[in-house]
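Spelled out, the chains give:
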Amino acid sequence: MDRVLIEGLSVETVIGVYDWERSIRQRLVLDLEMASDIRPAAAGDDLDKTLNYAAISERIGEFAEASDFGLVETFAERLAALLREEFAIPWLRMTLRKPGAVANATAVGVCIERGQR
Ligand SMILES: Nc1nc2c(c(=O)[nH]1)N=C([C@H](O)[C@@H](O)CO)CN2
């Protein structure tokens, strides 16, 4: 299956389980692979027949702006469900990284796959 990609998308949000994390915004970095047959869009050179990565990136920014989850797991799960619903995405793989959360690690985070390819 073809995939539409978003890589290295940075967002700022309230995220973390510790008290000191509840009053600051921290950066999360997302990589997203979304199943999509790109042939109809390519055949007609038509944005309306594919997953619009600009619109999806904007929606992710809005979601992050309004979110205040503790766990990266919760952020990833809720965001994946929202994107699949709003953009009719049959399958996605989302890698969500929280840079600098653990000393001596470049990033920590989760990778989830949801739906059927
Ligand atoms: N599996 C997880 N472990 C941890 C999380 C998390 O979201 N998922 N979060 C924290 C803290 O918020 C941490 O990021 C602060 O540095 C600890 N472990």
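Once a new chain begins, its residue numbering starts again from 1 and follows that chain's sequence as written. Reporting of local features is limited, given that this is a predicted model, to residues whose pLDDT is at least 70; pairs of side-chain atoms are given and counted only at 80 or more, and all residues count toward the totals for whole chains, interfaces and linings. The side-chain quantities take in all heavy atoms of the structure and omit both hydrogens and water.

Participant: Help me get a handle on the pattern of salt bridges, residues and values and all.
Facilitator: The term salt bridge refers to a side-chain nitrogen of Lys or Arg lying within 4 Å of a carboxyl oxygen of Asp or Glu. In total, this model carries twelve salt bridges according to the counting rule given. The residue Asp37 makes a salt bridge to Arg39 at a minimum N-O spacing of 3.0 Å. What makes Arg39 exposed here is its relative accessible area of 60%. Here Arg114 and Glu77 are joined by a salt bridge, their closest N and O atoms 2.7 Å apart. Residue exposure (1.4 Å probe, protein chains only): buried if accessible area is under 20% of the type maximum, exposed if over 50%, otherwise partly exposed.

Participant: Summarise the nonpolar core; cite the residues concerned and give the values.
Facilitator: Put simply, buried Ala, Val, Leu, Ile, Met, Phe, Trp, Tyr and Cys residues joined by side-chain atoms within 4.5 Å make one nonpolar core. If you look at the biggest cluster of nonpolar residues, it comprises 28 residues, and the most contacted ones within it are Leu32, Met34, Ile60, Phe75, Leu79, Leu83 and Met94. In this description a helix means any DSSP run of H or I spanning at least four residues, a strand means any run of E spanning at least two, and both kinds are numbered starting from the N terminus. Considering each element in turn, this core owes the most residues, seven residues, to helix α3 (residues 72-87). The contact criterion used is simple: two residues touch if any of their non-hydrogen atoms lie within 4.5 Å. The contacts of Phe75, once residues within four sequence positions are left out, are Val11, Thr13, Ile15, Leu28, Phe63, Ala64, Ser67, Phe69 and Leu96.

Participant: Account for the environment of Glu33, with residues named and values stated.
Facilitator: By the element assignment, Glu33 lies in strand β2 (residues 26-35). Overall, Glu33 belongs to the partly exposed group, its relative accessible area being 22%. Considering only alpha carbons, one finds Glu33 and Trp91, 58 residues apart in sequence, at a separation of 8.4 Å. Not counting chain neighbours up to four residues away, the residues in contact with Glu33 comprise Arg3, Val4, Leu5, Trp91, Leu92 and Arg93.

Participant: Could you give an account of the sheet that holds β2, naming the residues involved and the relevant values?
Facilitator: By definition, the strands of a sheet pair up through backbone hydrogen bonds, in either a parallel or an antiparallel sense. Strand pairing is defined by DSSP finding a minimum of two bridges between the two strands. Taking strand neighbours across the sheet as the criterion, the four strands line up as β1-β2-β3-β4 in an open arrangement whose pairing is antiparallel. Each of the sheet's edge strands pairs with one partner strand only, and the pair in question is β1 (3-13) and β4 (107-115). Averaged over all adjacent pairs, the angle separating strand axes in this sheet is 15 degrees, with direction ignored. The sheet contact formed by strand β3 (residues 91-99) and β4 spans nine bridges and is antiparallel. Bridging across to β4, Arg93 finds its partner in Glu113. To get an axis, fit a line to the C-alpha atoms, keeping to the stretch in contact for a helix; angles then go from 0 to 180 degrees between the N-to-C directions. Packed on one face of the sheet, helix α2 (residues 53-66) meets β1 and β2 and runs near 25 degrees to β1.

Participant: Can you explain α2? Please cite residues and give values.
Facilitator: By this rule the span expected of a helix is its residue count minus one, scaled by 1.5 Å. The end-to-end C-alpha distance of α2 is 20 Å, a good match for the 20 Å that 14 residues give at a rise of 1.5 Å each. Those residues of α2 lying buried are Ile56, Ser57, Ile60, Phe63 and Ala64. Looking straight down α2, one finds that the buried residues subtend no more than 120 degrees of arc, so they occupy a single side. Those residues of α2 that are exposed and aimed more than 90 degrees away from the buried face are Glu58, Glu65 and Ala66. In this structure, the buried residues of α2 make contact with β1, β2 and α3. Capping the start of α2, Asn52 holds a side-chain oxygen 2.9 Å from the backbone nitrogen of Ala54, two or three residues further along. Directions are taken from the helix axis to each C-beta atom, and the arc is the one they span. Identification of polar contacts relies on pairs of N or O atoms within 3.5 Å, with a donor-acceptor requirement for protein atoms, meaning one able to donate a hydrogen and the other able to accept it, and with residues adjacent in sequence counted only if both atoms are side-chain atoms.

Participant: An account of the side chain of Thr13 is needed here, citing residue identities and associated values.
Facilitator: When you line up the elements, Thr13 lands in strand β1. Of the polar contacts made by the side chain of Thr13, one reaches the backbone oxygen of Ala64; its length is 2.8 Å. At 3.3 Å, the side chain of Thr13 forms a polar contact with the backbone oxygen of Ser67. Ignoring sequence-local partners within four residues, the contact set of Thr13 consists of Ile24, Arg25, Gln26, Leu28, Ala64, Ser67 and Phe75.

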